Amino acid sequence: MVEKEIQVNKRLDSIISSNPDPFPFERINKGKSLLKLMEEIRKCIETDQLLLAGMKLKELEYQGKQLLLK
């Protein structure tokens, strides 16, 4: 069991070291969540829920910065 875990860890390390972005689907999913937030903000603005739109905008800014830092 321990040998298998060591093998898996070595394989993961080699994948990560050979590819700067070995998990592109994480970024794709993050992009989809950002698009969803933008749609929610638009709907809030259209229904005059400006406070809620502002809160969602802050969340969008935070998640966008996190995406850029990765």
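Caption draft 1: Seen up close, the nonpolar core. Leu34, Leu37, Ile41, Cys44, Ala53 and Leu60 together form the largest nonpolar core, which totals six residues. Here the element with the most residues in this core is helix H2 (residues 24-46); it accounts for four residues.

Caption draft 2: Fine view of the pattern of salt bridges. Counted by the stated rule, this structure contains three salt bridges. A salt bridge links Lys56 to Glu40; the nearest nitrogen and oxygen atoms lie 2.9 Å apart. Note that Lys56 is positioned in helix H3 (residues 50-69) and Glu40 in helix H2, a separation of 16 residues in sequence. For Lys56, a relative accessible area of 17% translates into the label buried. Among the ionic contacts, a cluster of salt bridges with common partners joins Glu39, Arg42 and Glu46.

Cut-offs used in this document
- Residues numbered from 1 in each chain as written.
- Predicted model: local features only at pLDDT ≥ 70, side-chain atom pairs only at ≥ 80, totals over all residues.
- Heavy atoms only, no water.
- Core = buried A, V, L, I, M, F, W, Y, C linked by side-chain atoms within 4.5 Å.
- Buried < 20%, exposed > 50% of the residue type's maximum accessible area, 1.4 Å probe, protein only.
- Helix = DSSP H or I, 4+ residues; strand = E, 2+ residues; numbered from the N terminus.
- Salt bridge = Lys/Arg side-chain N within 4 Å of Asp/Glu carboxyl O.

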